[in-house]
Amino acid sequence: MSDSPRLDRREFLAIGALPLAVAAGRAGSLESSSPTRPAAPTRVRPASQEAIRVGLIGAGANLRGVQIPGFRKIPGVDIVAVANRSLASSQRVADEFDIARAYANWAELLEDDSIQAVSIGTWPYMHRTLTLAALESGKHVLCQARMANNAQEARDMLEASLRHPDLVCQLVPTSMSYRIDNVLKRMIGNGYVGDILSVELQRTQTRFPTVDGELDWRHDREFSGLNTLNIGASYESMMRWLGRGDRVMAMTQIHVPYRRDTRGDLTSVTIPDHVDVLFELADGAQVHLRASETTGLSTGSQTWIYGSEGTIHVDRRQNVFAGRRGDSELTPVPNPREEQAFYRVEEEFINAIRGVEEVTMATFETGVHYMEWTEAVHSSSQTGQTVSLPL
């Protein structure tokens, strides 16, 4: 009998039918893509010295390599339970990381009243299910990116979080631009480029495409939804510097139409591996984003921000160069390490639970914005029409 991961994942999803039905039964629809979050009531927060007990749902590479160490650096935080694809895989994770309890499925973990917060480390197809069920169980939620399969699922998650203002909800933000976020925000905010006229974002790989390559979850619509390449993360980063976009037009291609699944069988692919997007910023500036897995020997990821008085360029190694009207060429921009943003997701999550700070990186509202933009890209590429935001 086959014990393929695909079968395990579907069984993993099926386990959640009852909690999802309970959560979905209370869900409504959002009138707006960005509802106003009400002022949070005074929370009964644990004292800073009291242990906060965290449960893990889905123990993927990021959760193992980043979040478990991140939680364990914080005084007073205990990782007390894990639920992976099966009891056996949960137990392996528990043994590896000295976690007290291993559960056969996520529903069992959510029934554990001693757990105050959960970290969701599954792929996007489970994020709505798990977030709604965790909130109904009275648990704070830290959820991996991408937020959900599509914009409606993301709105469902945001609406559920608004029904539970006493609980902290946070998305793991993209870290791909931490090094440059602060310097770009500072330069743009100080008017270095003047009025922004246009922006070029290139997010391309330098390798040639692998024909008949592996069908991992990022190429599988069932597990990744409408998420495509790294365009959602790229848009999330751009929102930090330039704000949100509108009037989305997109064209996509699938250059590698078949990939091999876990059984070695060729499977058709429906998620593009090459995307070109045009959209506008609030001030009318045009943005062009190209993302691709099939650009062999390209110059890699780069950013150009063109303004009425200056230009900013970020090269593939995230070195920043800039020049203003009257200059003959771009020159390096100092970007000292101590002024750069850095990863502190678990710390921010726990601090928010303790009432020390508010979540900023990243809120569920941010996730709705990038999921709506992602869906707009998909819709435009399918219809050939311009799609306005919010959806």
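It should be noted that the structure appears before, not after, this text.
**Q** Before we move on, could you go through empty space enclosed by the protein and cite the residues and values that matter?
**A** Leftover empty space is mapped by rolling, across the atoms, a probe with the size of a water molecule. For the structure on display, the rule yields one cavity of 30 Å³ or more. Empty space within the largest cavity amounts to approximately 50 Å³. Around the largest cavity, the lining residues are Leu-226, Thr-228, Ile-231, Thr-252, Pro-272, Val-275, Thr-374, Val-377, His-378 and Ser-381. Ranked by residue count, the leading element in the lining of the largest cavity is helix H12 (residues 364–383), at four residues. Taken together, the residues of the lining of the largest cavity sort by class into five nonpolar, five polar and no charged.

**Q** Go over the pairing of strand E15 (residues 320–324) with me, naming the residues and quoting the values.
**A** Note: strand E14 (residues 310–314) against E15, five bridges, orientation antiparallel. Each residue of the ladder has a partner; that of His-313, found in E15, is Phe-321. Here E14 folds back onto E15 in antiparallel fashion, the turn holding five residues, of which Gln-318 has a positive phi close to 65 degrees. Two strands pair when backbone bridges link them, and E15 and strand E16 (residues 331–332) are joined in this way by two bridges, in the antiparallel orientation. Pairing of Phe-321 across the sheet is with Pro-332, part of E16.

**Q** Outline the nonpolar core, supporting the account with residue identities and numerical values.
**A** Within the largest apolar cluster, 74 residues are counted, with the highest numbers of intra-cluster contacts made by Met-147 and Trp-373. Leave out the neighbours within four places in its chain, and Met-147 touches His-127, Ala-154, Met-157, Leu-158, Leu-171, Phe-364, Gly-367, Val-368, Tyr-370 and Met-371. Counting residues in hydrophobic clusters, the runner-up holds 27 residues, among them Val-93, Ala-94, Val-345 and Ala-352.

**Q** Account for the state of the cysteines, naming residues and giving values.
**A** Considering all chains together, one arrives at zero disulfides under this definition. Sulfur of Cys-143: no disulfide; nearest cysteine sulfur belongs to Cys-169 and is 9.4 Å away. On the basis of relative accessible area, Cys-143 is assigned to the buried category, the value being 0%.

**Q** Describe the environment of Asp-283, with residues and values.
**A** Mapped onto the secondary structure, Asp-283 falls in the loop between strand E11 (274–281) and strand E12 (286–292). Overall, Asp-283 belongs to the exposed group, its relative accessible area being 52%. Placed 41 residues apart in sequence, Asp-283 and Leu-242 show a C-alpha to C-alpha distance of 9.9 Å. Of note is the side chain of Asp-283, whose polar atom sits 3.0 Å from the backbone nitrogen of Ala-285.

**Q** Can you lay out the sheet that holds strand E5 (residues 140–143) for me, pointing to particular residues and giving the numbers?
**A** Sheet architecture is open: six strands sit in the order E3-E2-E1-E4-E5-E6, paired in parallel fashion. Strands at the two margins of the open sheet, each flanked by one partner only, are strand E3 (101–103) and strand E6 (169–171). Geometrically, the sheet is characterised by an average inter-axis angle of 20 degrees between neighbouring strands, direction not taken into account. With three bridges joining them, strand E2 (residues 77–83) and E3 adopt parallel strand pairing. Across the sheet, residue Ala-81 finds its bridge partner in E3, namely Arg-101. On the sheet, helix H4 (residues 87–97) packs against E2 and E3 and is oriented at approximately 155 degrees with respect to E3.

**Q** How would you sum up the environment of Ile-52? Please name residues and give values.
**A** Relative to the elements of secondary structure, Ile-52 occurs in strand E1 (residues 52–57). Exposure remark for Ile-52: the relative accessible area of 0% places this residue in the buried category. Between the alpha carbons of Ile-52 and Pro-75 there is a distance of 9.4 Å; along the sequence they are 23 residues apart.

**Q** How would you sum up the packing of helix H7 (residues 151–162) against H12? Please name residues and give values.
**A** Close contact between H7 and H12 brings their axes to 8 Å; oriented N to C, the two are set at 165 degrees. Looking at the two axes, H7 sits roughly antiparallel to H12. Remark: the crossing between H7 and H12 carries left-handed chirality. Between H7 and H12, the residues in contact are Ala-151, Gln-152, Ala-154, Arg-155, Met-157, Leu-158, Ser-161 and Leu-162 and Phe-364, Glu-365, Val-368, Met-371, Glu-372 and Glu-375, respectively. Taken together, the residues that form the contact of H7 with H12 break down as eight nonpolar, two polar and four charged.

**Q** Could you give an account of helix H10 (residues 231–242), with specific residues and numbers?
**A** Between its first and last C-alpha atoms H10 spans 16 Å; for 12 residues at 1.5 Å apiece the expected length is 16 Å, and the two agree. Here H10 lies mainly inside the structure; 12 of its 12 residues are buried. After H10 finishes, the residue Gly-243 shows a positive phi value of roughly 90 degrees.

**Q** So, the pairing of strand E7 (residues 196–204): which residues are in play, and what are the values?
**A** Two strands pair when backbone bridges link them, and E7 and strand E13 (residues 302–307) are joined in this way by six bridges, in the antiparallel orientation. Note that in E13 the partner of Leu-201 across the bridge is Thr-303. Note: E7 against E12, seven bridges, orientation parallel. Residue Arg-203 lies in a different strand from E12, and its bridge partner there is Ala-291.

Rules of the game
- Residues numbered from 1 in each chain as written.
- Predicted model: local features only at pLDDT ≥ 70, side-chain atom pairs only at ≥ 80, totals over all residues.
- Heavy atoms only, no water.
- 1 Å grid on protein atoms, 1.4 Å probe; cavity = no way out; pocket = protein on both sides within 12 Å on 5 of 7 lines; lining within 4 Å.
- Points joined across faces, edges and corners; volume = space filled by probe spheres on them.
- Helix = DSSP H or I, 4+ residues; strand = E, 2+ residues; numbered from the N terminus.
- Nonpolar A, V, L, I, M, F, W, Y, C, P; charged D, E, K, R; others polar.
- Pairing = 2+ DSSP bridges.
- Core = buried A, V, L, I, M, F, W, Y, C linked by side-chain atoms within 4.5 Å.
- Buried < 20%, exposed > 50% of the residue type's maximum accessible area, 1.4 Å probe, protein only.
- Contact = heavy atoms within 4.5 Å.
- Disulfide = S-S within 2.5 Å.
- Polar contact = N/O pair within 3.5 Å; in protein donor to acceptor, adjacent residues only side chain to side chain.
- Axes fitted to C-alpha atoms, helices over the stretch in contact; angles between N-to-C directions.
- Parallel < 35°, antiparallel > 145°, perpendicular 65-115°, else oblique.
- Left-handed = near helix turned anticlockwise from the far one by under 90°.
- Expected span 1.5 Å × (residues − 1).

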